[in-house]
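One-letter residues, chain by chain:
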Amino acid sequence: MDLLNRPRRLRKNEALRRMVRETRMDKSSLIYPLFVMEGQGIEEEIPSMEGQYRYSIDRLPYELERLTKAGVRNLMLFGIPDHKDEVGSGAYDPDGIVQKALRAAKKEFPDLYYITDVCMCEYTSHGHCGVLCGHDVDNDATLPLLAKTALSHVEAGADMVAPSDMMDGRVMAIRECLDAGGHKDIPIMSYAVKFASAFYGPFREAAGSAPSFGDRKSYQMDFHNRREAMKEALADIDEGADIIMVKPAMSYLDLVSEISAVTDVPMAAYSVSGEYAMVKAAARMGWIDEERIVQEMAVAAYRAGAQIYITYYAKELAKYMDEGRIG
Ligand code: PBG
């Protein structure tokens, strides 16, 4: 056969395949989500997320040590408070769980990069991501509380805040509040494109944040929509978001790709709890090769256009990279 074009030429061996690779990854782009809770001496495994734990503040340093050793320098903190109320006051309490954890962690591990999830669902008695008016989340009444939460995180040492509530206008409200508080340099990573997704199931068990009635469909996005995702991303960039996140990752890479093509901010993809739980469960059954699946999922997110990957597999991915099994 007289074929000029033979794509297989460049697939001949591992060295060549590595040389021509289009997607390369680095540990510095990984973010590890971490759950902190009140109490003492607690390091309890999350039943729906095998291998992931909730830590009390005194046990947090052990995990931060493991992250440091693995070379994962960025983490995203989620708080599990003891006390919940109608207005989620634990979220913006200067002595709330995240604020206390930040102060303690920063003291021992000042070189790690601390991002906080800014939301109210872990702190409200009804489990919704804002304050209620009747059975509906009141958008505008929630904004000052989110801003206050973000500011209190930053005052406790957060390096970056990541609002995940999906209220309209929250990026601007947070930006204005941080600026007024003298924190013009703190970036906002917006969960701009966050879908109402069944993939968050295990997280809600982990954080005890499932809504006590209804669902989140009046504020999180409808997963049938693609153009609306662009609208959300552009709106948040206009409001001052520094980084745009798409969440979940695996089933939404089309949006990572589209949004990264038309915007100029860094993009993050969040491989959420349901993705993690599915891989773990299938691996436990011996039905899939966990390491290879995790590698493929990560590479696909970067290939789609993400610069940042948020994953419960951050330590494992860092190890694979160190050992040259992925990169
Ligand atoms: C808080 C929040 C959620 C997740 C991140 N921030 C839960 C939700 O929106 O219900 C999900 C993360 C995951 O599933 O890993 N609003």
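Structure first, text after, so check above.
Residues numbered from 1 in each chain as written. Predicted model: local features only at pLDDT ≥ 70, side-chain atom pairs only at ≥ 80, totals over all residues. Heavy atoms only, no water.

1. Structural notes on the site of the ligand
Around the ligand sit 18 residues in total, of which Lys194, Arg204, Lys247, Ser273 and Tyr312 are the nearest. Contact between the ligand and aspartate 117: a nitrogen atom at 3.2 Å from a side-chain N or O atom of the residue. At a separation of 2.9 Å, an oxygen atom of the ligand approaches a polar side-chain atom of glutamine 220. Those elements that place two or more of their residues in the shell around the ligand are strand E9 (189–194) and helix H7 (201–207). (Near = heavy atom within 4 Å. Polar contact = N/O pair within 3.5 Å; in protein donor to acceptor, adjacent residues only side chain to side chain. Helix = DSSP H or I, 4+ residues; strand = E, 2+ residues; numbered from the N terminus.)

2. Quick look at the environment of serine 260
Among the secondary structure elements, serine 260 is positioned in helix H9 (residues 253–262). Distance from serine 260 to alanine 306, taken between C-alpha atoms, is 7.4 Å for residues 46 residues apart in sequence. Other than its neighbours up to four places away in sequence, serine 260 contacts Leu255, Met267, Ala304 and Gly305. A distance of 3.1 Å separates the side chain of serine 260 from the backbone oxygen of serine 257, its partner in a polar contact. (Contact = heavy atoms within 4.5 Å.)

3. Examining the pairing of strand E10 (residues 243–247)
The element E10 is extensively covered by neighbouring structure, given that 5 of its 5 residues are classed as buried. Residues Ile243, Met245 and Lys247 line one face of E10 and the alternating positions Ile244 and Val246 line the opposite face, and both faces are buried. Where E9 meets E10, 4 bridges bridge the pair, whose relative direction is parallel. Bridge pairing in E10 places serine 190 opposite isoleucine 244. With 3 bridges connecting them, E10 and strand E11 (residues 267–271) associate as parallel partners. Looking at the pairing, isoleucine 244 lines up with methionine 267 of E11. Crossover handedness for the path E10 to H9 to E11: right-handed. (Buried < 20%, exposed > 50% of the residue type's maximum accessible area, 1.4 Å probe, protein only. Pairing = 2+ DSSP bridges. Right-handed = clockwise from strand over helix to strand, strands pointing away.)

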